[in-house]
Amino acid sequence: MRELSEVQKERYARHIVLQEAGEKGQKKLLDGKVLIIGAGGLGSPAAMYLAAAGVGTLGVADADAVDVSNLQRQIAHGTGDIGKPKVESIRETVHDMNPDVSVRTYQTFVGKENIMELLGEYDFVVDATDNFAAKFLINDACVRGGKPFCHAGILRFQGQVMTYVPGKGPCYRCIFKEEPPEGAVPGCKEVGIIGAMAGVIGSLQALEAIKYLLGAGELLTGRLLTYNALQNEFRTVKLPEHVHGCPVCGQRRE
C-alpha cells in the first residue's frame, strides 16, 4: 500500500482526521477502483465526488456525446463540451480536479456482450444509467460476477438508492422483478427532472462506494432509501432479506 506524499496529506487532510478513515483509509481509497456506468446526471456528481475523495481508479462507460439539454443537471460537463463524448468530458473534469485519479474511459454501449469484461477488476460499480434495460443488465451481471454495486433512479423531484453486496440482502431483480414494457413508465424526457435531484442522489451513490472501500458505516444493503424533494422527506424502506426463486441471486444462494 502506497505512502501518502506531503501534498496528499494536505489534500486529504479532512479525511485523515476522520476516525473512520485516517491515513490507512485514504490509502484504501487511492488503491480503490470504481466503475461508473452512465456519465450523465447521476454519473457526473458520483464521478466528481469519487475523484475529490481520491479514489485512485475510475472507469466511466457511456456511448453518448454532451448535448445542450444535458447541462441543466449533468454538472461534469460545460458549454464548451457540447458535442464531445461524455466519457472524455468527465475524464478532463476529473483530471483537472485531482491528478491522483486515473480515469479509464469506455465510449461504448454497455450490453450483454461486453459488461462482464467491463466489470473486470473493479471493486465497486455505480449504476448511473437512466433506463430499465441497463439497470437489470447491470444487476444481473454484478450478481453473477460477485460485484457489489449501487443502484439509483431519479424522476421529477424524487429519487431512490439501494446497494447490493454479494451475500448481503436482496438484489435489484428481487425487488423490481422484471423490466416493464417499453413506454409503460415515462422517463425524464417526458415528465422532467429537477437538476439538483441528480446531485443529491449521485452524491449518495458516491458515498456508498466510499464507505464500501473504507469498510465504514452501514451500506444500503437490504434497504431502499427514497427522497421526495417537494416534501423534503427521506424514507428508508426495509427490504426482504431474500426473495425465494429470484432467477439471478437465487441461483447463488439456493
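Please refer to the structure higher up on the page.
Residues numbered from 1 in each chain as written. Predicted model: local features only at pLDDT ≥ 70, side-chain atom pairs only at ≥ 80, totals over all residues. Heavy atoms only, no water.

How should the sheet that holds strand E4 (residues 124-127) be read in this particular structure?
Backbone hydrogen bonds are what pair the strands of a sheet, in a parallel or an antiparallel way. Spatial strand order, E3-E2-E1-E4-E5-E6-E7-E8: eight strands in an open sheet with mixed pairing. The two strands at the open ends of the sheet, each matched to only one other strand, are strand E3 (102-106) and strand E8 (233-238). Within the sheet, the average angular offset between the axes of one strand and its neighbour, ignoring direction, is 15°. Pairing between strand E6 (residues 158-164) and strand E7 (residues 223-228): four bridges, direction antiparallel. Across the sheet, the residue bridging to Val 161 is Leu 225, located in E7. Across the sheet, helix H4 (residues 43-53) touches strand E1 (33-37), strand E2 (57-61) and E4, and the angle it forms with E1 is around 165°. Lying over the sheet, helix H5 (residues 86-97) contacts E2 and E3, oriented at roughly 175° with respect to E3. (Pairing = 2+ DSSP bridges. Helix = DSSP H or I, 4+ residues; strand = E, 2+ residues; numbered from the N terminus. Axes fitted to C-alpha atoms, helices over the stretch in contact; angles between N-to-C directions. Contact = heavy atoms within 4.5 Å.)

Can you walk me through the pattern of salt bridges in this structure?
Between side chains of opposite charge, a pair can form when the charged atoms approach closely. Counting across every chain of the model gives 11 salt bridges. Between Lys 84 and Asp 81 there is a salt bridge, and its shortest N-O distance comes to 3.0 Å. Note on Lys 84: relative accessible area 22%, which makes it partly exposed. A relative accessible area of 13% means that Asp 81 is categorised as buried. With a shortest N-O distance of 2.6 Å, Asp 140 and Arg 173 are connected by a salt bridge. Separated by 33 residues along the polypeptide, Asp 140 in helix H7 (residues 132-145) and Arg 173 in helix H8 (residues 172-176) bring together distant segments of the chain. The same class applies to Asp 140 as to Arg 173, namely buried. In this structure, a network of salt bridges that share partners links the residues Lys 33, Arg 104 and Glu 121. (Salt bridge = Lys/Arg side-chain N within 4 Å of Asp/Glu carboxyl O. Buried < 20%, exposed > 50% of the residue type's maximum accessible area, 1.4 Å probe, protein only.)

Whenever I open this one, the pairing of E6 confuses me. Can you help?
The two faces of the sheet receive side chains in turn, since in a regular strand these alternate between them. Counted residue by residue, E6 has five buried out of seven residues, so it is predominantly covered. Here strand E5 (residues 149-155) runs beside E6; their pairing, made up of seven bridges, is antiparallel. In the strand pairing of E6, Ala 152 is matched with Val 161. Taken together, E5 and the strand that follows it, E6, pair antiparallel across an intervening segment of two residues, in which Arg 156 is found at a positive phi of about 55°.

What's the story with the packing of H4 against helix H10 (residues 195-214) in this structure? I'm lost.
When two helices pack together, their arrangement is given by the angle between the helix axes and by the axis-to-axis distance. At a minimum axis separation of 7 Å, H4 and H10 run at an interaxial angle of 40°. Of the possible angle classes, the one that applies to H4 and H10 is oblique. Handedness of the crossing formed by H4 with H10: right-handed. Where H4 abuts H10, its residues Pro 45, Ala 46, Tyr 49, Leu 50 and Ala 53 lie against Ala 198, Gly 199, Gly 202, Ser 203, Ala 206, Ala 209 and Ile 210. (Parallel < 35°, antiparallel > 145°, perpendicular 65-115°, else oblique. Left-handed = near helix turned anticlockwise from the far one by under 90°.)

Quick question: what am I supposed to make of the side chain of Asn 114 here?
Locating Asn 114 in the fold gives a position in the loop between E3 and helix H6 (115-119). According to the relative accessible area criterion, Asn 114 is buried, its value standing at 14%. A distance of 2.8 Å separates the side chain of Asn 114 from the backbone nitrogen of Gly 111, its partner in a polar contact. Discounting residues that sit within four places of it in the chain, Asn 114 has contacts with Thr 108 and Phe 109. (Polar contact = N/O pair within 3.5 Å; in protein donor to acceptor, adjacent residues only side chain to side chain.)

What should I look at first to understand the packing of aromatic side chains in this one?
The geometry of an aromatic ring pair is captured by the separation of the ring centres together with the interplanar angle, meaning the angle of the planes. Under the defined criterion, the tally for this structure stands at five aromatic pairs. Measuring from ring centre to ring centre gives 5.0 Å for Phe 136 and Tyr 172, while their planes differ by 70°; the resulting arrangement is edge-to-face. Of this pair, Phe 136 sits in helix H7 while Tyr 172 sits in helix H8, placing them 36 residues apart in sequence. For Phe 136, a relative accessible area of 3% puts it in the buried group. Note on Tyr 172: relative accessible area 2%, which makes it buried. The interplanar angle of 15° and the centroid separation of 4.2 Å between the aromatic rings of Tyr 227 and Phe 234 together place this pair among those described as stacked. Residue Phe 234 is classed as partly exposed on the basis of its relative accessible area of 46%. (Phe/Tyr/Trp six-rings, centres within 6.5 Å; stacked < 30°, edge-to-face > 60°.)

Would you explain the side chain of Asn 139 in this entry?
Tracing the backbone through its elements, the reader meets Asn 139 in helix H7. Residue Asn 139 is classed as buried on the basis of its relative accessible area, which comes to 0%. A distance of 2.8 Å separates a polar atom in the side chain of Asn 139 from the backbone nitrogen of Tyr 172. Residues in contact with Asn 139, not counting those within four places in the same chain, are Phe 149, Cys 171, Tyr 172 and Arg 173.

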